[in-house]
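# Chain and residue survey
Listed here are the chains, written in short residue letters.
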Amino acid sequence: MGPARLGHSEIAVSRLALGSWRTLEHLSREEGTALLAHAVACGVTFFDDARYDDKSGDAPIPTGWSEVLFGECFRAAGIPRDGVVVSNKLWWEFWPRQRAVEELESSLERMGFAGLDLLYATPPPEEMSVAEAVEEMAAVMAGGKVRTWGVLNWSAVAISEATTIAPSLGIEPPSVVQLPYNLVYRRAVEDTAMEVALEQAGAALVPAAPLAGGTLTGKYAVDPRDGRMAGKLERPAVRAAQAAAADLRSLADRLGCSNAGLALAFTLLHPRTASTLFGARTPSQIDTNLEASAVLERLGADEIAELRTIGSAP
Ligand SMILES: NC(=O)c1ccc[n+]([C@@H]2O[C@H](COP(=O)([O-])OP(=O)(O)OC[C@H]3O[C@@H](n4cnc5c(N)ncnc54)[C@H](OP(=O)(O)O)[C@@H]3O)[C@@H](O)[C@H]2O)c1
């Protein structure tokens, strides 16, 4: 599968993207570097970073160590900066004390990057209007350090409002909408108002958490302790994902592919998907996940219909 464009922007990305949540801080520098290098060697050209709070208690700074590690591993892997697309996020946590331009500057400093290809705005805090959020993004875009902007987990109403306001502030509407989307969690994306909002903005969809945190791979049926969802397997949403994983396994066995490849193919079937954002801890997980493009090409109409029934609410 060839690259896809990020909505109305000129930016092209691989159909599968690598995230960094709960990843690099759990790996050695060597492992993290090898992970990013492997992704690039396999054709991944879209990387998602973010300022995450440290959960280990070991990081030298309470927030944003994830960005430091991403930058270090990225450079150690020898990835040409202009050869890939890198995104990051604004959390508005210290707004209005810290304006968007300043939040971006702090992230860039920690990453050791001069700029970003894509900057997502997370939902505006209660005290901030959509217009104010778009104004902040307009200031960011005027600074020239970001090529395009997107939104993450915004409501359809807020996206439509931003689409209306953006041109009056001299910027394009958001070009990307990132939302969690997988076989067992569809409602944020498969919603008429959201589909209209995406269309109005001319935005691409970037589905996140496509493997339901790894549960859809079916690995917990083999070893309930091996993975980041271990200890959460009794939660209702995780139980639903495990049930879907079992159904996915029977279709995957018939097709001769992995659960992960099929689960990711499901997200690529959405017509607005530019690139699906998965997480991976090892190069071999990346290999398995990148099967998704080939799986997608092999799926016939009956298999797509069957895939769509898996994990769907009764
Ligand atoms: N917009 C949102 O609300 C939202 C929500 C969540 C995430 N995100 C973004 O989306 C990115 C991806 O989210 P995610 O990490 O939750 O995605 P995911 O793809 O659903 O889960 C990734 C995890 O599953 C396991 N895994 C991946 N491939 C595997 C394979 N082939 N076999 C076995 N296990 C495998 C790995 O964890 P273990 O091996 O440790 O089990 C990996 O860290 C994040 O980096 C974040 O930026 C966004």
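Now for a look at the structure at hand. (Residues numbered from 1 in each chain as written. Predicted model: local features only at pLDDT ≥ 70, side-chain atom pairs only at ≥ 80, totals over all residues. Heavy atoms only, no water.)

What follows concerns the overall build of the protein. Within the protein, the secondary structure is distributed over 12 helices and 10 strands. For a compact globule of 314 residues, the expected C-alpha radius of gyration is about 20 Å, and the protein comes in at 19 Å, within 12% of that figure. With respect to the principal axes defined by its C-alpha atoms, the protein has extents near 50 × 45 × 35 Å. Evaluated residue by residue, the protein yields a buried proportion of 51% over its 314 residues. Partitioning the contacts of the protein with sequence separation of at least 6, the portion at a separation of at least 24 is 76%. Carbon and sulfur atoms provide 53% of the accessible area of the protein, an area that totals close to 13600 Å². Computed over 28 positive and 40 negative side-chain charges, the separation of the two mean positions in the protein equals 4 Å. (Helix = DSSP H or I, 4+ residues; strand = E, 2+ residues; numbered from the N terminus. Rg over C-alpha atoms; globule rule 2.2 N^0.38 Å. Buried < 20%, exposed > 50% of the residue type's maximum accessible area, 1.4 Å probe, protein only. Contact = heavy atoms within 4.5 Å. Areas by Shrake-Rupley, 256 points an atom, 1.4 Å probe, with all protein chains shown as cover. Lys, Arg positive; Asp, Glu negative; His and termini not counted. Charge placed at Lys NZ, Arg CZ, Asp CG, Glu CD.)

Before going further, it helps to spend a moment on the state of the cysteines. Applying the stated rule across the entire model yields 0 disulfides. There is no disulfide at Cys42, and the cysteine sulfur nearest it, in Cys73, is 17 Å away. Given a relative accessible area of 33%, Cys42 falls into the partly exposed group. For Cys73, a relative accessible area of 3% gives the class buried. (Disulfide = S-S within 2.5 Å.)

Looking now at the site of the ligand. Surrounding the ligand, one finds 30 residues, the nearest of these being Asn153, Gly213, Lys219, Arg228 and Arg281. Between the ligand and Ala209, the relevant distance is 3.5 Å, taken from an oxygen atom to a main-chain nitrogen or oxygen of the residue. Within the backbone of Pro210, one N or O atom sits 3.5 Å away from an oxygen atom of the ligand. Considered on its own, the ligand offers 900 Å² of accessible surface; in the complex 90% of this is hidden by protein. Elements represented by at least two residues in the shell around the ligand include exactly β8 (176-180), α7 (219-222), β10 (276-278) and α10 (283-289). Per-element tally for the shell around the ligand: the top contributor is α10, with 3 residues. Taken together, the residues of the shell around the ligand sort by class into 13 nonpolar, 12 polar and 5 charged. (Near = heavy atom within 4 Å. Polar contact = N/O pair within 3.5 Å; in protein donor to acceptor, adjacent residues only side chain to side chain. Nonpolar A, V, L, I, M, F, W, Y, C, P; charged D, E, K, R; others polar.)

Before going further, it helps to examine the packing of helix α8 (residues 236-255) against helix α12 (residues 301-309). At a closest axis distance of 10 Å, the pairing of α8 and α12 adopts a crossing angle of 160°. In terms of their interaxial angle, α8 and α12 are classed as roughly antiparallel. The way α8 lies across α12 gives a crossing that is left-handed. Residues Leu248, Leu251, Arg254 and Leu255 of α8 form the contact with α12, whose own contacting residues are Glu303, Glu306 and Leu307. Looking at the contact of α8 with α12 residue by residue, the classes come out as 4 nonpolar, no polar and 3 charged. (Axes fitted to C-alpha atoms, helices over the stretch in contact; angles between N-to-C directions. Parallel < 35°, antiparallel > 145°, perpendicular 65-115°, else oblique. Left-handed = near helix turned anticlockwise from the far one by under 90°.)

Membership of the largest hydrophobic core comes to 82 residues, with the highest contact counts inside it found for Leu18, Phe70, Trp92, Trp154 and Leu262. Ignoring any residue separated from it by four or fewer positions in sequence, one finds Leu262 in contact with Leu248, Leu251, Ala252, Leu255, Cys257, Val295, Leu299 and Leu307. The next biggest cluster of nonpolar side chains, apart from the first, holds 16 residues, and it includes Val13, Leu118, Val206 and Ala274. (Core = buried A, V, L, I, M, F, W, Y, C linked by side-chain atoms within 4.5 Å.)

What follows covers the packing of helix α2 (residues 65-76) against helix α3 (residues 100-111). Interaxial distance between α2 and α3 falls to 7 Å at its minimum, and their mutual angle equals 45°. One finds that α2 runs oblique with respect to α3. Across the interface between the two elements, Glu67, Val68, Phe70, Gly71 and Arg75 of α2 pack against Ser107, Arg110 and Met111 of α3. Here the contact of α2 with α3 is composed, by residue class, of 3 nonpolar, 2 polar and 3 charged.

Right, let's get into the packing of aromatic side chains. A full pass over the atoms with the stated rule returns 6 aromatic pairs. Here the aromatic rings of Tyr52 and Trp91 are separated by 6.4 Å at their centres, their planes lie at 55°, and the arrangement is tilted. Of this pair, Tyr52 sits in the loop between β4 (46-48) and α2 while Trp91 sits in the loop between β5 (85-90) and α3; the two residues are 39 residues apart in sequence, bridging distant segments of the chain. Residue classification places Tyr52 among the buried residues on the basis of a relative accessible area of 13%. With a centroid separation of 6.1 Å and an interplanar angle of 50°, the aromatic rings of Phe70 and Phe113 are classed as tilted. Taken as a pair, Phe70 in helix α2 and Phe113 in the loop between α3 and β6 (116-121) lie far apart in primary sequence, 43 residues in all. We note that Phe70, like Phe113, is buried. Counting every residue linked through ring pairs, the aromatic cluster contains Trp21, Tyr52 and Trp91. (Phe/Tyr/Trp six-rings, centres within 6.5 Å; stacked < 30°, edge-to-face > 60°.)

An ideal rise of 1.5 Å per residue puts 16 Å on 12 residues; α3 measures up with 16 Å between its terminal C-alpha atoms. Ala100, Glu103, Leu104, Ser107, Leu108 and Met111 are the residues of α3 that are buried. Angularly, the buried residues of α3 cover 135° about the axis, an arc narrow enough to put them on a single face. Here the buried face of α3 lies against α2, β5, β6, α4 (130-142) and β7 (146-152). Once α3 ends, the next one or two residues include Gly112, with phi positive near 75°. (Expected span 1.5 Å × (residues − 1). Arc of directions from axis to C-beta.)

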